[in-house]
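Chains, contacts and geometry: an overview
Listed below are the residues making up each chain.
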2 protein chains.
Amino acid sequence: MKTYKIIVEYDGTDYYGFQRQKKHPSIQSELEKALSFVLNEPIRIVSSGRTDSGVHARGHVVSFSTNSDIERKNMLSGLNAALPNDISVKRVIRVGDDFHAQYDAKRKSYRYHVWNSPVPSPLRSRYSYQYTYELDIEKIKKAAKLFVGKHDFRAFAAKSRDKENTVRRIYDVRVSKKGNNISFTLEGDGFLYNMVRNIVGTLLYVGRGKFTEADVKTILRTKTRSLAGPTAPAKGLMLMRVIY
Amino acid sequence: MKTYKIIVEYDGTDYYGFQRQKKHPSIQSELEKALSFVLNEPIRIVSSGRTDSGVHARGHVVSFSTNSDIERKNMLSGLNAALPNDISVKRVIRVGDDFHAQYDAKRKSYRYHVWNSPVPSPLRSRYSYQYTYELDIEKIKKAAKLFVGKHDFRAFAAKSRDKENTVRRIYDVRVSKKGNNISFTLEGDGFLYNMVRNIVGTLLYVGRGKFTEADVKTILRTKTRSLAGPTAPAKGLMLMRVIY
């Protein structure tokens, strides 16, 4: 047996998220289909995590084990020939047999793109969320720093069972603006379901003046989902990389 | 009567080019449909030029005249509400009644994107052409300068009738590389049918070592289409702007 990790890029527009589903196309099922074909044996992958329906990835990581002796180079080209055009494998890396793409992940980095203009941009609409309200970028940048550190992010989780551990550490939140493009880059030790999209939705409310910094502090302290901003749409979100 | 020019952005993937066609969707027919609806009278537009099936635009310019007294701001928002998601109007500008989007155009600028890697990039594939061969970027940059100036570009025109004037002036060709992305930006007083895509196809042959600088000079001098490189695919091409 040999164990590999592979770095995957995909356009999530046409998929019902990463995780395998019975009736809908998923990134996982496409990857397993291609791997099973190229390695000529049934392959089940372990993923660094799930992404939601419509979310994209530049560096999603999955691992799997195989009896195949195929060379890495041939695995790479075989997989890219077998995969649909909206999914590609960027690298194939041999790892120790004890490697686990989910449990060994130390950090993840996500980026969210906002197109801040009353005029839509067809060339950006696939990967960014059009937000028509005027935004105060300095207020957003200041409020973004409130999320850095170890916090209970229960207020920013879509659905969390009471006993679930909703404490996560965010290492950095960077907000940058270039023309009408605003990007939010978040790096953390892990993210709850919808957490990035809920943080972005909340920061957009700060930028519009609907929330103050004090409001964000209250939301974090009271851990109340209903106080936080709306969930920003999936298409603006991209998993950038997973660090081991 | 009032005359306007509008700046249009579009993702050309799903259209059979700019020009109106009987049986296929075109950018022109979508624009005329939206304009006629918003201005409440039949509108025919004059375009700065045509783009091919699959070509995109960041700043295509068209003009039209109307009896409507609608404000520009309302025209802009009305048009963007009426247009499909892959076409938008970025600006509406009042111009003199003698303005003609095609005849008054002084310069046009196009950009072509190449993704130079054996590994496909799903996140870039909509707007760039994957080229798997290794390329010598310095050779490409040098050869690109050969196109600058006033030349007979007959060898780079898809179809040119014998009597057609195929002389054009190119003001600048800029080639830049960032990671695996290579972009070609061409500015000229006008471009023949497929000219940018044929120049790019030829420069890619230079980068691969199939053509030398001397070959490019010969192609320009002999004006022979069959000597030039292949036509690079439409999806990598974008009309950036039209200058009046």
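Definitions and limits used
- Residue indices follow the written sequence of each chain, beginning from 1 at its first position.
- By the order in which they are written, chains take letters starting at A while ligands take numbers starting at 1.
- Selection of residues for local features in this predicted model requires a pLDDT of at least 70, selection of side-chain atom pairs for listing and counting requires 80 or more, and totals for whole chains, interfaces and linings are taken over all residues.
- Values reported for side chains reflect all heavy atoms of the structure, with hydrogen atoms and water molecules removed beforehand.
- Cavity and pocket criteria rest on a 1 Å grid covering protein atoms alone: a 1.4 Å probe that fits but cannot get out defines a cavity, protein on both sides within 12 Å along at least 5 of 7 lines defines an open pocket, and an atom within 4 Å of a point defines a lining residue.
- Grid points are joined across faces, edges and corners, and a volume is the space filled by probe spheres set on the points.
- Segments assigned H or I by DSSP are reported as helices when at least four residues long, segments assigned E as strands when at least two residues long, and all are numbered from the N terminus.
- In this count, Pro and Cys sit with the nonpolar residues alongside Ala, Val, Leu, Ile, Met, Phe, Trp and Tyr, while Asp, Glu, Lys and Arg are called charged and the others, Gly among them, polar.
- It only takes one pair of heavy atoms within 4.5 Å for two residues to be counted as in contact.
- Each axis is a line fitted through C-alpha atoms, and for a helix only the stretch in contact is used; angles between axes span 0 to 180 degrees, taken between their N-to-C directions.
- Roughly parallel covers angles under 35 degrees, roughly antiparallel covers those over 145, roughly perpendicular covers 65 to 115, and oblique covers all other angles.
- Note on convention: the crossing is left-handed when the near helix lies turned anticlockwise from the far helix by less than a right angle, right-handed when the turn is clockwise.
- Expected helix span is taken as 1.5 Å per residue step, with the number of steps being one fewer than the number of residues.
- When accessible area is computed with a 1.4 Å probe and restricted to protein chains, residues below 20% of their type maximum are described as buried, those above 50% as exposed, and intermediate ones as partly exposed.
- The arc in question is the one traced by the directions running from the helix axis out to the C-beta atoms.
- Confidence of the predictor at the level of single residues is given by pLDDT, which spans 0 to 100.
- By definition here, a salt bridge exists when the distance from a side-chain nitrogen of Lys or Arg to a carboxyl oxygen of Asp or Glu is within 4 Å.
- Counting of polar contacts relies on pairs of N or O atoms within 3.5 Å, with two restrictions inside protein: one atom must be capable of donating a hydrogen and the other of accepting it, and residues adjacent in sequence are counted only when both atoms are side-chain atoms.
- The copies were overlaid with a least-squares fit restricted to C-alpha atoms from residues scoring a pLDDT of at least 70 in each copy.

**Some details on the layout of surface pockets**
Approximately 1400 Å³ is the volume attributed to the largest pocket. As for the largest pocket, its lining consists of 26 residues, of which Arg 58 and His 113 of chain A together with Arg 58, Arg 124 and Asn 181 of chain B are closest to the centre. Of all the secondary-structure elements, those providing two or more residues to the lining of the largest pocket are β5 (107–115), β8 (167–178) and β9 (181–188) of chain A together with β8 (167–178) and β9 (181–188) of chain B. The class makeup of the residues in the lining of the largest pocket is 8 nonpolar, 10 polar and 8 charged.

**Digging into the side chain of Glu 30 of chain A**
Looking at where Glu 30 of chain A falls in the secondary structure, it is placed in helix α1 (residues 27–39). Aside from chain neighbours lying at most four places away, what touches Glu 30 of chain A is Tyr 15, Leu 83, Pro 84 and Ile 87 of chain A.

**Examining the packing of α1 of chain A against helix α2 (residues 72–82) of chain A**
All names here are of chain A. Running from N to C, α1 and α2 cross one another at 130°; their axes reach a closest spacing of 9 Å. Compared by their axis directions, α1 and α2 come out oblique. When you trace α1 past α2, the crossing you get is right-handed. Residue-level inspection shows Ala 34, Leu 35, Phe 37, Val 38 and Leu 39 of α1 in contact with α2, the latter providing Met 75, Gly 78, Leu 79 and Ala 82. Among the residues making up the contact of α1 with α2, the classes are represented as 8 nonpolar, 1 polar and no charged.

**Examining helix α1 (residues 27–39) of chain B**
Residue and element names in this part refer to chain B. End to end, α1 covers 18 Å across 13 residues, agreeing with the expected 18 Å (1.5 Å per residue, within 8%). The buried fraction of α1 is high, at 10 of 13 residues. Contacts from the buried residues of α1 go to β1 (2–10), β3 (56–66), α2 (72–82) and β4 (87–95). Two residues or fewer after α1 comes Asn 40, characterised by a positive phi angle close to 60°.

**Quick notes on helix α3 (residues 137–144) of chain B**
Residues and elements named next belong to chain B. If you check which residues of α3 are buried, you get Ile 137, Ile 140, Ala 143 and Ala 144. Relative to the axis of α3, the buried residues are bounded by an arc of 130° and lie together on one face. Against β8, β9, α4 (195–208) and α5 (213–222) lie the buried residues of α3.

**Points about the confidence of the model for chain A**
Per-residue confidence for chain A gives a mean pLDDT of 96; residues scoring 70 or more make up 100%. Overall fold confidence for the complex sits at a pTM of 0.92, while the interface term, ipTM, reaches 0.89.

**Regarding the packing of helix α3 (residues 137–144) of chain A against helix α4 (residues 195–208) of chain A**
Residue and element names in this part refer to chain A. Two numbers describe how α3 lies on α4: the axes approach to 8 Å, and their chain directions differ by 135°. Judged on the interaxial angle alone, α4 and α3 are oblique. Two packed elements cross with a definite hand, and for α3 against α4 that hand is right-handed. Between α3 and α4, the residues in contact are Lys 139, Ile 140, Ala 143 and Ala 144 and Leu 203, Val 206 and Gly 207, respectively. A breakdown of the residues in the contact of α3 with α4 according to their chemical character gives 5 nonpolar, 1 polar and 1 charged.

**Observations regarding the pattern of salt bridges**
Residue and element names in this part refer to chain B. If you walk through the whole model with that rule in mind, you get 26 salt bridges over all chains. Of the charged contacts, one joins Arg 20 and Glu 32 as a salt bridge, the two residues approaching to 3.0 Å between their closest N and O atoms. With Arg 20 in the loop between β1 and α1 and Glu 32 in helix α1, the pair connects residues that are 12 residues apart, well separated along the chain. You can call Glu 32 buried: its relative accessible area is 4%. As a salt-bridge pair, Arg 197 and Asp 52 come within 2.8 Å of each other at their nearest N and O atoms.

**A look at the side chain of Asn 80 of chain A**
With respect to the helices, strands and loops of the structure, Asn 80 of chain A is situated in helix α2. Classification of Asn 80 of chain A by relative accessible area gives buried; the value is 15%. Side-chain polar atoms of Asn 80 of chain A contact the backbone nitrogen of Val 89 of chain A, separated by 2.8 Å. Residue contacts for Asn 80 of chain A: discarding those within four places in its chain leaves Ser 88 and Val 89 of chain A together with Val 119 and Pro 120 of chain B.

**Some words on unusual backbone geometry**
Even without a glycine there, the phi angle at Asn 194 of chain A is positive, about 70°. Take Asn 194 of chain A: it is sitting in the loop between β9 and α4. By relative accessible area, Asn 194 of chain A is classed as buried at 15%. Backbone geometry places Lys 223 of chain B, a non-glycine residue, at a positive phi of 55°. The residue Lys 223 of chain B is located in the loop between α5 and β10 (237–243) in this model.

**What to know about the relation of the copies chain A and chain B**
For these two chains of identical sequence, chain A goes onto chain B by a turn of 180° and a shift of 0.0 Å along the axis, with RMSD 0.0 Å. The superposition of one copy onto the other is thereby described by a two-fold rotation axis. When each C-alpha of chain A is compared by its distance to the rotation axis, Arg 126 of chain A comes out closest, at 5.0 Å. Of the residues that chain A buries at the interface, 100% are likewise interface residues in chain B, meaning the two copies contact each other through the same surface.

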